[in-house]
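Structure at a glance
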Amino acid sequence: MQSQRLPTLEDVARVAGVSRATVSRVINGIRNVDPQLHQQVWTAVDQTGYVPNRMARSLVTRRTGTVALIVSDSETHDDDPFMGRFFSDPYFGRVVGGLMSVLRPLGVQLALQMVGADGHKRLVGDLRNGQADGAVVLSLPARDPLPGLLAASGIPAVLIGRPAEPVPISYVDLDNEAGAALAADRLALRGCRRPVMIAGPPDVPASVDRISGFRRAMARHGHAWIPQETGNFTQDSGERSMRALLAAHPTLDAVFVANDLMAVGALLVLQDTGRTVPDDVAVAGFDDSSAALSARPALTTVRHPLEDMSAEAARMLLSRLDDPDARVTSVIYEPTLVERQTA
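Notes on the structure follow. (Residues numbered from 1 in each chain as written. Predicted model: local features only at pLDDT ≥ 70, side-chain atom pairs only at ≥ 80, totals over all residues. Heavy atoms only, no water.)

Focus: the overall build of the protein
Here is the rule we go by: What counts as a helix is a DSSP run of H or I of at least four residues, what counts as a strand is a run of E of at least two, and both are numbered from the N terminus. Contacts: residue pairs with any heavy atoms within 4.5 Å of one another.
If you tally the helices and strands in the protein, you get 14 helices and twelve strands. At a minimum sequence separation of 6, the contacts of the protein that also span at least 24 residues come to 74%.

Structure (structure tokens):
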């Protein structure tokens, strides 16, 4: 019995109604193709069942067709708890979704890399040896050597969030100070007189900006001092911080929380201690993640457009792959306040 013939580039071109050369440009990730033709080609790929020869593509383009998403931390995480947090934390899922919205239509694969303090040099070596064409980096520690190592090695890379130290590397970020100021203005508008804050780690740039933005905005409303506890962006740390603030300041009437997961923890403690939200205590979070929608009451929060930012990071990286000599650049997004039931 004759085996079934595998679909070819010619088959894809026939179904898409374009030339073989156009199909080749699309599949090889060459970006100067009309978006409509681009969609036609990938639709035809799905219809024909054509499977690109990735080895042949690599020989022609000198690319792997893979982008690495690197999560860089100060510790090595081979343990299940960190992996569990990665897959359950809305932040990481939103980043992956934003990246894939750009990479998937281009046929570019996304490879997840988690690296601790002892793996930075090895990772850079792997990337230089062609493990991936470039990297989008989530840098968690305040003083992370990885952005500098990537820049010094000439590896195409884009950060999500600005680097803590000056490094010649492109990044996307949010105006976190402006976002925290929006939360402060909302709480002040409600007439809150005894506000407190649950901040993130004080050595992380986004946390520093949110602390500064909230304090400065509250100062304009006449609040010279804002009591503060520090968490680590987890729900548990939000609970601990809220309990500490209630013990020290039992008459507090407003809480700004530096991310939604900590805010969910704060809400649970407020409810456990008999405080009504928002009548007794108003709460404002930060991120507008799925945690904000699932909170009870639904959380008033600052919109952090992570999907849009991650998509832009992917586009910036692809542009840099097309033009390795392009200057490093930054894109800063403006926050908005999402008003729900807690403030």
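Structural notes on the packing of aromatic side chains
Note the threshold: Stacked, tilted and edge-to-face pairs are distinguished by plane angle, under 30 degrees for stacked and over 60 for edge-to-face with tilted covering the rest, among Phe, Tyr and Trp rings (Trp via its six-membered ring) whose centres lie within 6.5 Å.
According to the stated counting rule, one finds three aromatic pairs in the structure shown. Centroid distance Phe214 to Phe256: 4.6 Å. Interplanar angle 20°. Geometry classified as stacked. In this pair, Phe214 is assigned in helix α10 (residues 205-220) and Phe256 in strand β8 (residues 254-257), connecting sequence segments 42 residues apart. Ring geometry for Phe256 versus Phe286: centroids 6.4 Å apart, planes at 65°, classification edge-to-face.

Topic: the packing of helix α7 (residues 120-128) against helix α8 (residues 146-153)
Note the following rule: Here the axes come from fitting lines to C-alpha atoms, over the contacting stretch only for helices, and the angles between their N-to-C directions go from 0 to 180 degrees. Should an angle fall under 35 degrees it is taken as roughly parallel, and over 145 as roughly antiparallel, whereas 65 to 115 is taken as roughly perpendicular and any remaining angle as oblique. Left-handed describes a crossing whose near helix is turned anticlockwise from the far helix by less than a right angle; the clockwise case is right-handed.
Between α7 and α8, the shortest axis-to-axis distance is 10 Å and the interhelical angle comes to 30°. Compared by their axis directions, α7 and α8 come out roughly parallel. Crossing of α7 over α8 shows right-handed handedness. In contact with His120, Lys121, Leu123, Val124, Leu127 and Arg128 of α7, α8 contributes Leu146, Leu149, Leu150 and Ser153.

Quick look at the sheet that holds strand β5 (residues 170-174)
Applied cut-off: Strand pairing follows a simple DSSP-based rule, namely that at least 2 bridges must link the two strands.
Spatial strand order, β2-β1-β3-β4-β5-β11: six strands in an open sheet with parallel pairing. Bordering the open sheet on either side are β2 (109-115) and β11 (330-333), each of which pairs with just one other strand. Sheet twist, expressed as the average angle between the axes of neighbouring strands with direction ignored, equals 20°. Across the face of the sheet, helix α6 (residues 90-103) comes into contact with β1 (66-72), β2, β3 (134-139) and β4 (157-160) while running at roughly 165° to β1. On the sheet, α7 packs against β1, β2 and β3 and is oriented at approximately 175° with respect to β1.

What about the pattern of salt bridges?
Between side chains of opposite charge, pairing is possible as soon as their charged atoms come close. Defined as follows: Here, a salt bridge means any Lys or Arg side-chain nitrogen found within 4 Å of an Asp or Glu carboxyl oxygen. Accessibility here uses a 1.4 Å probe with only protein chains present; expressed as a share of the type maximum, an area under 20% marks a residue as buried, one over 50% as exposed, and anything in between as partly exposed.
One pass over the structure, following the stated rule, counts 13 salt bridges. Between Glu307 and Arg94 there is a salt bridge whose closest N-O contact spans 2.9 Å. Linking Glu307 in helix α14 (residues 306-322) with Arg94 in helix α6, this pair joins segments that are 213 residues apart in sequence. You can call Glu307 partly exposed: its relative accessible area is 27%. The class for Arg94 is buried, based on a relative accessible area of 9%.

Digging into the sheet that holds strand β12 (residues 336-338)
Strand pairing within a sheet occurs via backbone hydrogen bonds; the two strands may be parallel or antiparallel. In space, the six strands of this open sheet follow the order β7-β6-β8-β9-β10-β12, with mixed pairing throughout. Whereas interior strands pair on both sides, the edge strands pair on one side only; in this sheet they are β7 (228-230) and β12. Here the average twist between neighbouring strands, direction ignored, is 20°. Where strand β6 (residues 195-199) meets β7, three bridges bridge the pair, whose relative direction is parallel. When the sheet's bridge partners are listed, Met197 is paired in β7 with Gln228.

Here's the deal with the environment of Arg243
Relative to the assigned elements, Arg243 resides in helix α11 (residues 235-248). Note: C-alpha distance between Arg243 and Glu229 (14 residues apart in sequence) is 9.8 Å.

Quick notes on the pairing of strand β9 (residues 282-287)
Defined as follows: Crossover handedness is defined here as right-handed if the route from the first strand over the helix to the second strand goes clockwise, with the strands pointing away from the viewer.
The buried fraction of β9 amounts to six of the six residues, a majority that puts the element mostly inside the structure. Where β8 and β9 come together, three bridges link them in parallel fashion. Of the residues in β9, the one forming a bridge with Phe256 is Ala284. The β-α-β motif built from β8, the intervening helix α12 (residues 260-272) and the parallel element β9 has right-handed crossover chirality. Inspection of the sheet shows β9 paired to strand β10 (residues 300-303) by four bridges, in the parallel sense. The residue bridging Gly285 from the neighbouring strand is Thr301, located in β10.

Digging into the side chain of Thr300
Put simply, the test is: Here a polar contact is recorded for every N or O atom pair within 3.5 Å, except that within protein the pair must consist of a potential hydrogen donor and a potential acceptor, and residues adjacent in sequence are included only if both atoms are side-chain atoms.
Locating Thr300 in the fold gives a position in strand β10. Owing to a relative accessible area of 0%, Thr300 belongs among the buried residues under this scheme. Of note is the side chain of Thr300, whose polar atom sits 3.1 Å from the backbone oxygen of Ala343.

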